[in-house]
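# Tertiary structure, described
Listed here are the chains, written in short residue letters.
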Amino acid sequence: MASPHSHEWRAVCDKFNTAQNLSEVESRKDPENDPFRSKYKARELLREIYCTLKNFDVGENESVNDEADQRPTEQPVDGGMEEGFGRGHCGDSPAGSRAAKLGAVEYYLGVNHVETEELSAGEEHLMNCMTLLEKCCISPENVSLFIQVRNQLGILWAGRDEIEKAQGFLETAEAMYIRYMKEDGQPPMDLTEFFVAEEEALPQQERTKRFEMAYTHTLYYLAQVYKNLEQYEKAGGYCHSTLQRQLKFNQFIPLEWAINAATLSQYYITKTLYMEGRHCLSAASVIADLAGEVPSEASAQESEAEAEKRDQLRQKRAEIARCWIKYCLNLLQDAKKLLEDNIGELDMDRQAELRATRLQEEEEKERGRKSAVLFGSSDTFDSICGLEEKVSCVFPVDFEEARCIFLVGQTYVNQAKEYFEMDGHVTDHIEILQDHSALFKALAFFEEDLERRCKMHKRRVDMMEPICKDLNAQYYLLVCRQLQFELAETYYEMMDLKLAVANKQNDLDAHTVKKFNHLCSSSTKFYQMFLDSVRSPEGKWPEKLEDEVLRPALVAKFRVARLHSRLISSSKTVQLENLNRALECYNFVVQYCKDNPEAKSAVETELELSEEMVSLLPLKINRIQANLASCN
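Residues numbered from 1 in each chain as written. Predicted model: local features only at pLDDT ≥ 70, side-chain atom pairs only at ≥ 80, totals over all residues. Heavy atoms only, no water.

The name recorded for the chain in an unreviewed UniProt entry is KIF-binding protein, from Hucho hucho.

Here it is in C-alpha cells:
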C-alpha cells in the first residue's frame, strides 16, 4: 500500500474528502429536477478511489492479482454470532489494512446507491464489503466497519419487509459490539479515518462517541425489527436502551427524543408497568423543555421560522400531555378492574386486601428498579424524579387516592386542549374530551356517595352533549356514534343511581319522579339517535348489522326496552304504551339473533334477559289491559 506520506496517498485522501463533502453537504443544495447530482459525482470519485487502491502494492510477497484480492464470487450469509473473531488478517497488518480500506469504499458505494434508490446495486456493494472483511479478524482498526455495514444491510432488508434477514445482520452487529467491548474495549478507528493522514486522526473521545452512536443505531433498528416480529417486550427493552444511550452520549434531538419516550410509556402502560411508564413520561416532559420556550404569537406573526417553531413545540408538548392523560386514565381503570365486584361496585374485601399487599409489592418493585435502565444525566435526573413524585404509580384503593390521579390527568387535559382546539383539530379535541369523560367515570367508581357520583356523570354529559349536537354526522359519523352511545350510557348510569337513591326513600315525590323520567327519556333519545344512524338514508333497518355496530346496536335496543319499562306514570294507558314499546324492542333482539345465530355470542346476557322478558311482559300487559277494560 502506498505510504501515508506519499503524494499518491494524499491524492486519495483529498478525493475521499471531496466525495464526503458532495454526499453530505452539496447534495442538500441539489435542484428538485436533479436531486442526486452531487451523489452521482461522489460515486464516481469513490469508484476512482477503489481502482487506485486495487493497484497499490500490498507488500513484498503479495500481488494485486492474488486470489484473496478478487471481488467475491460467493456472498456471506449473516447471523452467526462468532464471525470475525480470532481469524484472518490482523487489522493493523498490510493485508488487513488493505482489505478494510477496500471494504470501506464498498460500504460508501453501497450507501450511495441506497440513497439514490438503487437498492440492488447498494446491496451488492455492501455484501462485497462483508466478503472483504471476512479475510480479517475484528480489531480496533475495523470493528466500526464490521458493525456499520450490518446496520445498513439490516435497514435495507427491513425496507424490503424481509424482517428475519434484517434481524440476522443486526443481531450479529450487536454480538460483535458486545464481544469487542469485552475483549478489547479501546476506542476504535472511525470509517472516515481510513482516508486521513496520521496527524489528522480523531481524538479518542470522538472515536468513542462515533462508535457508540453506531451501536445505538444497531439497538434502534433492532427495536423496530422486534416490533415488526410482534416481539413487543423485546422491542420495548431495546427502545428503552436506545433512548438511555442517546441521553448518555448526548446524541438526541429534544422533541424527537421526548415523543419517542412518551410513545414507549404507552407500551409500559399496556403491560401495567406504571412505574416504568411514569418514568418515561417524566423524562419526556423534562427533555421536551430543553427544546426551549414557545415563541409568542407576536414573534410567530413576524417570522415564518418562529411560527413553525411555535407550532411544533406546542404540538409535541400537547402530544406528551395526551400520553399523560392515558397514563392517569389507565391507572384508574386498571384499579377499578381489581376492586369491582360482579355488579361493578367497589368490593370492600378486595379493597382491604389490596391495601394490605400493596406496600410490600411496591417495595419489591423499587428494589428491582434500581437495577433497571433509568433515564437522565446529572443535569436532568433530579428534574425527572421531581416530576415523578407529583403522581402515583400504584393502584389507588380509595376516593382520595383516585382523586389525586384524576386531578393530574385533568391538568394535562387542559394542556392538551390548548393546542388541539375544536377549530382545526375536531377529531383530536373530541378524543381528549372523551378521555376527560372517562376520567370522571373512573373516579366516580371510587365515590361512595351516590348523589356526588351522579354529579360526576352530569359533568360528563355537560362536556359531551353540546359537541354531539353541533357535530355534522355526514362528515363525522363514527365520532357522532361514539358520542351518542356514551351519552346514552351516561344518562342510563345516572338513571340507575337515581333509582338506587329513590329505593332508600319511603315515598317518591313529584320532583324525583320527574327527574328519573327525564334521565330515562334522555338515555332513550341518544340510544335512538345511535340506532337511527345505522339505518339507510331511506330509513330502513339493515338485514344484517356490520360487525363494528352489531353489539352496540343490539345493546342499545335492549336498553331502550328496559328504559321504556322503567318510566314511571300514574296513567295505566301510558304504562301500557311504554310496556308495548319495551316488548317490541325485546322482540327485536330475540328475532335478530334467531335470524342471525352468529350474533348470539355478542349479546349472550342481553339475549337471555330479552327472551325472559318476551315471556313475562305479555302477562303484565294483559293484566293492565284487563284492568283498563274493567274500569271502562
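Further remarks concern the overall build of the chain. When you go through the chain residue by residue, the secondary structure sums to 22 helices and 0 strands. Principal-axis analysis of the C-alpha atoms places the extent of the chain at approximately 125 × 55 × 50 Å. Put simply, of all contacts in the chain between residues at least 6 apart along the chain, 71% involve residues at least 24 apart. Put simply, the chain shows about 32,500 Å² of open surface, and 48% of that area lies on carbon and sulfur atoms. Here the chain carries 76 positive and 108 negative side-chain charges, and the mean point of each set is 7 Å from the other. (Helix = DSSP H or I, 4+ residues; strand = E, 2+ residues; numbered from the N terminus. Contact = heavy atoms within 4.5 Å. Areas by Shrake-Rupley, 256 points an atom, 1.4 Å probe, with all protein chains shown as cover. Lys, Arg positive; Asp, Glu negative; His and termini not counted. Charge placed at Lys NZ, Arg CZ, Asp CG, Glu CD.)

Glancing now at the nonpolar core. In summary, soluble globular proteins display a tendency toward joint burial of nonpolar side chains. By size, the foremost hydrophobic cluster in this structure holds 124 residues, and its most contacted members are Tyr-327 and Leu-545. Ranked by the residues each element gives to this core, the list is headed by helix H12 (residues 304–339), at 14 residues. In this structure, this core is formed jointly by two domains, domain 1 (255–296 + 305–343 + 375–448) and domain 2 (562–631), each of which donates at least three residues. Ile-49, Val-149, Leu-219 and Tyr-226 belong to the second-largest nonpolar core, a separate cluster that totals 57 residues. (Core = buried A, V, L, I, M, F, W, Y, C linked by side-chain atoms within 4.5 Å. Buried < 20%, exposed > 50% of the residue type's maximum accessible area, 1.4 Å probe, protein only. Domains from an automatic or database assignment.)

Moving on, we come to unusual backbone geometry. Positive phi, normally seen in glycine, also occurs at Glu-230, with a value near 65°. You can see Glu-230 is positioned in the loop between helix H7 (204–228) and helix H8 (232–248). Of note in this structure, Asn-250 is not a glycine but carries a positive phi near 55°. Relative to the helices and strands, Asn-250 is located in the loop between H8 and helix H9 (254–270). Classification of Asn-250 as exposed rests on a relative accessible area of 56%.

Turning our attention to helix H16 (residues 426–446). Relative to the 30 Å expected for 21 residues at 1.5 Å per residue, H16 spans 31 Å between its end C-alpha atoms, a close match to the ideal helical length. By the criterion of burial, H16 is predominantly enclosed, with 17 of the 21 residues buried. (Expected span 1.5 Å × (residues − 1).)

This next bit is on the pattern of salt bridges. Pairing between side chains of opposite charge can happen when the charged atoms of each approach one another. Enumeration over the complete set of coordinates arrives at 32 salt bridges. The partner of Arg-43 in a salt bridge is Glu-118, and the shortest N-O contact between them spans 2.5 Å. Of this pair, Arg-43 sits in helix H2 (residues 37–55) while Glu-118 sits in the loop between helix H3 (94–115) and helix H4 (119–133), and the two are 75 residues apart along the sequence. With a closest N to O distance of 2.9 Å, Arg-210 and Glu-206 form a salt bridge. With Arg-210 and Glu-206 both in helix H7, this residue pair falls 4 residues apart, about one helical turn. Several salt bridges share partner residues, and in doing so they unite Asp-190, Glu-206 and Arg-210 into one network. (Salt bridge = Lys/Arg side-chain N within 4 Å of Asp/Glu carboxyl O.)

Assigned domains within the chain: domain 1 (255–296 + 305–343 + 375–448) and domain 2 (562–631). Taking the mean C-alpha position of each, domain 1 and domain 2 sit 45 Å from one another.

A word on the state of the cysteines. Counted by the stated rule, this structure contains 0 disulfides. Not part of a disulfide, Cys-385 finds its nearest cysteine sulfur in Cys-393, a span of 12 Å. Relative accessible area serves as the criterion here: at 22%, Cys-385 is assigned to the partly exposed category. (Disulfide = S-S within 2.5 Å.)

Our next topic: the packing of H16 against helix H18 (residues 477–503). When two helices pack together, their arrangement is given by the angle between their axes and by how far apart the axes lie. Between H16 and H18, whose axes approach to 12 Å, the crossing angle comes to 20°. Comparing their axes, H18 and H16 come out roughly parallel. Once H16 is placed against H18, the crossing between them reads as left-handed. Across the interface between the two elements, Ile-430, Gln-434, Ser-437 and Lys-441 from H16 touch Val-479, Gln-482, Leu-483, Glu-486 and Glu-493 from H18. Classifying every residue of the contact of H16 with H18 by side-chain character gives 3 nonpolar, 3 polar and 3 charged. (Axes fitted to C-alpha atoms, helices over the stretch in contact; angles between N-to-C directions. Parallel < 35°, antiparallel > 145°, perpendicular 65-115°, else oblique. Left-handed = near helix turned anticlockwise from the far one by under 90°. Nonpolar A, V, L, I, M, F, W, Y, C, P; charged D, E, K, R; others polar.)

In this section: the side chain of Ser-437. By secondary structure assignment, the location of Ser-437 is in helix H16. When its relative accessible area of 0% is taken as the criterion, Ser-437 is described as buried. Discounting chain neighbours no more than four positions away, the residues touching Ser-437 are Arg-460, Met-463, Met-464 and Glu-486.

End to end, helix H17 (residues 450–470) covers 31 Å across 21 residues, agreeing with the expected 30 Å (1.5 Å per residue, within 8%). Most pronounced at Met-464, the bend in H17 amounts to some 30°, and the proline Pro-466 follows within four residues. Among all positions in H17, only Leu-450, Arg-453, Cys-454, Met-456, His-457, Arg-460, Val-461, Met-463, Met-464, Glu-465, Ile-467 and Cys-468 are buried. Buried residues along H17 sit against helix H15 (399–419), H16, H18 and helix H19 (510–534). (Bend = angle between axes of the 7 residues up to and from the residue.)

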